[in-house]
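Residue strings, one per chain:
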Amino acid sequence: MRLFLALLFLPLTLTAQQHPHQYIQPTDPLVRQNLDEWRDLKFGLLMHWGTYSQWGIVESWSLCPEDEGWCERRGPFAADWYGYKKAYENLQTSFRPTRFNPEKWAAAAQAAGMRYVVFTTKHHDGFCMFDSKQTDYKITDPKCPFSKSPRADVTREIFNAFREKKFKVGAYFSKPDWHSPDFWWPYFPPKDRNISYDLNKYPERYQAFKDFTFRQLEELCTNYGRLDLLWLDGAWVRPANTIDRNESWQRGIPDGQDLDMPKIAAMARQKQPGILIVDRWVPGEYENYLTPEQGIPPTPLGVPWETCMTMGGSWSYVFEENYKSPHQLIHTLCQVVSKGGNLLLNIAPGPDGEWHPEAYERLQAIGAWMAVNSEAIYGTDTPASGLFQRDKFVFTQKGEILYAIYLADEQETKMPGQIRLTGLALSSTARVELLGVETKISQKMEGGDLLLQLPESIQQNPPCGYAWVFKIQQ
Ligand code: GLC
């Protein structure tokens, strides 16, 4: 079953967004420094949160009139697109997340070992989770009950709470905006995710959209303290020369449906020196790292990258979420890091402003594992030898130190008595320890293999669950 799902996933999620051969190294020294620092963090939190959480539906997409599974409308308003859009947008008038407490999230994320956060300041539906002066479709507008709260500007509150914990802070921002009349001009009903009018006939309308977007990004870069990264989603807003019409989702993109990225980047970097710009899935100089989604590339990409992945099954809040097991989450982190990437794990807050209790439980389990093993994660890279995976092991490297991470099977709670590491080309003087254990481990070389012998006491009482890390000093 799992294999089947993985196969289904691959063509959709991985191939389209991976273009390491087109990666352009940033030249700005501050951007490079920020990128190096970011690469060392390895583990971040993504949050998708908006008024849609009240219905427990997919973020934004049910507004999009495309015949795709994830755009399906449900509920009493489903039959009529106009009525549905109205009801959806009316969710602004009932959004009241009274349990909102970003300090609690930041503490839980920090204890799990996360070191950066990316938050949906605006998703495709156009609803601003920040106090934009460019629209009244926002959480701080009087129409929204939560506007009365002193913490109504949730973007500011989240950024401050995580910054307090020394996180790098990133703004997810959707380039398309399905609320803006300059994107979906109500005069012409939209047919798909793209603008609803002829850009060549109405260039001033599209220019107005560009200006509006620029000003919103300027607000985020000006009024919200230090920002470390801009995560720009909605890759169908892209320059004509980057459109690949072999990709089905890119076929309907009109030429000219782009933003002025050089202008945006210049503004952003003037306000926020060194800020990373992730114009995701748009190859070129504004994609400072690649962002495969919901999957792990089969091999290291050789350029900076991050897998974004849901902790449960969806990006947005659903009433009954089916969270991945700690086993799966920890293995995912190890596999991503062994290939030189970062993991950006998504948790969705609910309409009351809280996470499901299971999300905290998962973070706790990851934190317990990280407390023993984080040195094999932070600041590491995929091994220079190219050996990132063999048998049940994945490998990371930090300077001269190699970390061999044994990914235990789901039922495997007792460690094996004997472990053989093949193909490492180690010197005979290499020293091995098991992270979290004081006892010396007996080791010997056998025809180029490293053989480890674990005493019964350690086998019975491993230092942690899920994955065991051998630190090898050459
Ligand atoms: C997918 C979803 C989008 C979400 C994004 C996060 O592309 O369609 O809604 O924001 O994943 O990576």
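Residues numbered from 1 in each chain as written. Predicted model: local features only at pLDDT ≥ 70, side-chain atom pairs only at ≥ 80, totals over all residues. Heavy atoms only, no water.

A. Layout of the overall build of the protein chain. Each helix and strand counted, the protein chain has 10 helices and 15 strands in total. Over its C-alpha atoms the protein chain spans a radius of gyration of 24 Å, differing by no more than 12% from the 23 Å that the globule rule assigns to 474 residues. Along the longest, intermediate and shortest principal axes, the C-alpha atoms of the protein chain span 75 × 45 × 45 Å. Surface summary for the protein chain: the accessible area is close to 19700 Å², and the carbon and sulfur share equals 51%. Side chains of the protein chain give 50 positive and 57 negative charges; the mean places of these two sets differ by 2 Å. (Helix = DSSP H or I, 4+ residues; strand = E, 2+ residues; numbered from the N terminus. Rg over C-alpha atoms; globule rule 2.2 N^0.38 Å. Areas by Shrake-Rupley, 256 points an atom, 1.4 Å probe, with all protein chains shown as cover. Lys, Arg positive; Asp, Glu negative; His and termini not counted. Charge placed at Lys NZ, Arg CZ, Asp CG, Glu CD.)

B. Geometry of helix α9 (residues 357–373). For α9, built from 17 residues, the straight-helix expectation of 24 Å at 1.5 Å per residue is met to within 8% by its first-to-last C-alpha distance of 25 Å. Of the surrounding secondary structure, the elements contacted by the buried residues of α9 are β1 (43–47), α4 (102–111), α8 (326–338), β7 (342–346) and β15 (467–473). (Expected span 1.5 Å × (residues − 1). Contact = heavy atoms within 4.5 Å.)

C. The site of the ligand, seen in detail. Neighbouring residues of the ligand: H48, E59, W61, H123, Y172, W231, D233, R280, E293, C308 and W315. Look at the ligand: alone it shows 310 Å² of surface, and the protein chains cover 89% of it. Among the residues forming the shell around the ligand, the class breakdown is five nonpolar, two polar and four charged. (Near = heavy atom within 4 Å. Nonpolar A, V, L, I, M, F, W, Y, C, P; charged D, E, K, R; others polar.)

D. Region of interest: the pattern of salt bridges. Inspection of every chain in the model, using the stated rule, returns 27 salt bridges. Of the charged contacts in the structure, one is a salt bridge between D255 and R245, with a shortest N-O distance of 3.1 Å. Placement of D255 in the loop between β4 (229–233) and α7 (261–271) and of R245 in the loop between β4 and α7 is noted, with a sequence separation of 10 residues between them. Since its relative accessible area comes to 36%, R245 is described here as partly exposed. Look at the salt bridges and you will find they share partners, linking E103, R151 and E157 into a network. (Salt bridge = Lys/Arg side-chain N within 4 Å of Asp/Glu carboxyl O. Buried < 20%, exposed > 50% of the residue type's maximum accessible area, 1.4 Å probe, protein only.)

E. Highlighting the domain arrangement of the protein chain. Domain boundaries in the protein chain define domain 1 (5–376) and domain 2 (389–473). Taking only C-alpha atoms, the centre of domain 1 and the centre of domain 2 are 38 Å apart. Taken together, the contacts link 15 residues of domain 1 with 20 residues of domain 2. The junction of domain 1 with domain 2 conceals about 1500 Å² of combined surface from both sides, 63% of it contributed by carbon and sulfur atoms. Broken down residue by residue, the surface that domain 1 buries against domain 2 is led by H327, E375 and A376, which jointly contribute 37%. Along the contact surface separating domain 1 from domain 2 lie one salt bridge. E375 serves as the salt-bridge partner of K471, at 3.1 Å between the closest nitrogen and oxygen. (Domains from an automatic or database assignment. Buried area = accessible area lost by both parts, 1.4 Å probe.)

F. Main features of the sheet that holds β15. Overall, antiparallel pairing links the five strands, which are arranged β8-β9-β10-β15-β12 in an open sheet. In this open sheet, the two strands that pair with only one neighbour each are β8 (389–390) and β12 (431–434). Pairing geometry for β12 and β15, over four bridges, is antiparallel. Bridging across to β15, V432 finds its partner in I472. (Pairing = 2+ DSSP bridges.)

G. Examining the environment of A79 more closely. Within the secondary structure, A79 is located in the loop between β1 and α3 (81–89). Using a relative accessible area of 82% as the deciding quantity, one classes A79 as exposed. Along the backbone, A79 and Q294 are 215 residues apart, and their C-alpha atoms lie at a distance of 31 Å.

H. Region of the structure containing the nonpolar core. One finds F162, W355, F470 and I472 to be the most contacted residues of the largest nonpolar core, which totals 152 residues. Two domains share this core, each providing at least three of its residues, namely domain 1 (5–376) and domain 2 (389–473). Once residues lying within four places of it in the same chain are set aside, the contact partners of W355 are L45, M47, W105, A108, I347, A348, P349, Y360 and L363. (Core = buried A, V, L, I, M, F, W, Y, C linked by side-chain atoms within 4.5 Å.)

I. Geometry of the state of the cysteines. Across all of its chains, the model carries zero disulfides by this definition. Here C64 is not cross-linked by a disulfide; its sulfur's nearest cysteine counterpart is in C71, at 4.2 Å. Accessibility expressed as a relative area gives 1% for C64, which makes it buried. The cysteine C128 is free of any disulfide, with C144 supplying the nearest cysteine sulfur at 12 Å. The exposure class assigned to C128 is buried, which follows from its relative accessible area of 0%. (Disulfide = S-S within 2.5 Å.)

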